[in-house]
Amino acid sequence: MKNEIKSLRKSIYRPVVAGYYVLSIFLIAAYVWLYQFAPFNSAVNDIFLNSLITFSALLVAFIATVIFTHYHPDEAPRTVWFNIMLAGWFWFLGEISWQVIAYTAGSVPTPSIADAFWILGFVFFTLAFHRQYSIVMPEKLESIRITSMGTWLVALLIPAIILAALDAFSTQLYVDFFYPFADLAVGVAGLALVFIFRGGALMRPWMGLMLFGLSDLMYAWAEKTNLYAFSAQNGNALSLMIDTSYLVAYLILGLGYLGHWVLLRY
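Residues numbered from 1 in each chain as written. Predicted model: local features only at pLDDT ≥ 70, side-chain atom pairs only at ≥ 80, totals over all residues. Heavy atoms only, no water.

Engineer: So what's going on with the packing of helix α2 (residues 15-37) against helix α3 (residues 42-70)? Residues and values would help.
Structural biologist: One can describe the packing of α2 onto α3 by two numbers: an axis separation of 9 Å at closest approach and a directional angle of 160°. The orientation of α2 relative to α3 falls into the category roughly antiparallel. Judged by the twist between their axes, the crossing of α2 over α3 is left-handed. Every residue of α3 that contacts α2 at Tyr20, Leu23, Leu27, Ala30, Tyr31, Leu34 and Tyr35 is listed here: Asn45, Phe48, Leu49, Leu52, Ile53, Phe55, Ser56, Leu59 and Ile63. (Axes fitted to C-alpha atoms, helices over the stretch in contact; angles between N-to-C directions. Helix = DSSP H or I, 4+ residues; strand = E, 2+ residues; numbered from the N terminus. Parallel < 35°, antiparallel > 145°, perpendicular 65-115°, else oblique. Left-handed = near helix turned anticlockwise from the far one by under 90°. Contact = heavy atoms within 4.5 Å.)

Shown next as C-alpha cells:
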C-alpha cells in the first residue's frame, strides 16, 4: 500500500497525468462558468454544458480501452477490462443519446434510449466484477454468482419499496431512484477489492462510482420534491452542485483508470 501511494504521488510528474489534472480543472471551471453565467442563449448554452459531460464520458471510455489493449489475450485481467471498456462506451452512448434527444425534442422522457445504454453499462460493470472476483477467489464462484444476483435484486427492489411506501410510485421516479442504488452497488463491489488486494490499483476508480450514486440520489430527491426545477430556474446552488458532481464523478472515474494505466505502463 505504501509503495502504491508513493507511485501515485510520483505519477503527477508524468505528462499524461499532469495533463489530465489540468484538463479536469478546465472542464469543471468551464462547466461552472457556463452554468452560472449562461453567456450564450439557452439552447446553445445547454449544448455546451451537455457536451462537457459527454466528453468526460468519452474520456473514461477511451482510457478503459487503452488499458484493455495493454493486456495480451492470454492474460486474465483482459476480460475484466473488456467488460469495463464496454461499460464505458455504453455510458458514453447514454450521454450522447440523452444530449441529442434533449436538443431535438427539448426534453428527455424517462425512460428513454439513454436509460437503456446506461443500464447496459451496469450489466457490463457487473460482468467485470464477477470476472475479477472469480479470478481471485475461484473456489467461491457459486457464492460470487449468488451474491451478484442478490445485490442487483436488492438494488431493483429498494427504490420500488421506498416509492410505494411514500405512495409516489411512477416509472420516471423508479428509474431516477434506481440509479443511485445501482451506482452504490457497483461502487461497493469495487471498494471491496480494497480488502482483497489491500489497496491495489484496480480498486481506485470506484470512488467515482460512489460519487455517481450520491449525485444521482440528490437528483432523484430534488426532482421528486420539485426542488431541482426550482433551483435551476432561480440560479440556486443546489442544481449546480448536483450537476457538477456528475461531471466530477466521471473525471474521478477517469483518474482512477489513468492511475491504473500508469502502473501498467511504468
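Engineer: Residue-level account of a nonpolar patch on the surface, with values.
Structural biologist: A cluster of nonpolar side chains, namely Trp33, Phe37, Phe40, Val44 and Phe48, defines an oily patch on the protein surface of about 510 Å² accessible area. Elements with a contribution of two residues or more to the nonpolar patch: α2 and α3. Examined against the element boundaries, Phe40 turns out to sit in the loop between α2 and α3. (Patch = residues over 30% accessible without salt bridge, like charges linked within 9 Å, V, L, I, M, F, W, Y side chains within 5 Å. Areas by Shrake-Rupley, 256 points an atom, 1.4 Å probe, with all protein chains shown as cover. Salt bridge = Lys/Arg side-chain N within 4 Å of Asp/Glu carboxyl O.)

Engineer: Can you lay out the environment of Phe122 for me, pointing to particular residues and giving the numbers?
Structural biologist: Tracing the backbone through its elements, the reader meets Phe122 in helix α5 (residues 113-136). Its relative accessible area of 3% is what places Phe122 among the buried residues. Placed 57 residues apart in sequence, Phe122 and Tyr179 show a C-alpha to C-alpha distance of 9.6 Å. Once you skip the residues sitting within four places of it in the chain, Phe122 turns out to touch Trp91, Trp152, Phe178, Tyr179, Ala182, Asp183 and Val186. (Buried < 20%, exposed > 50% of the residue type's maximum accessible area, 1.4 Å probe, protein only.)

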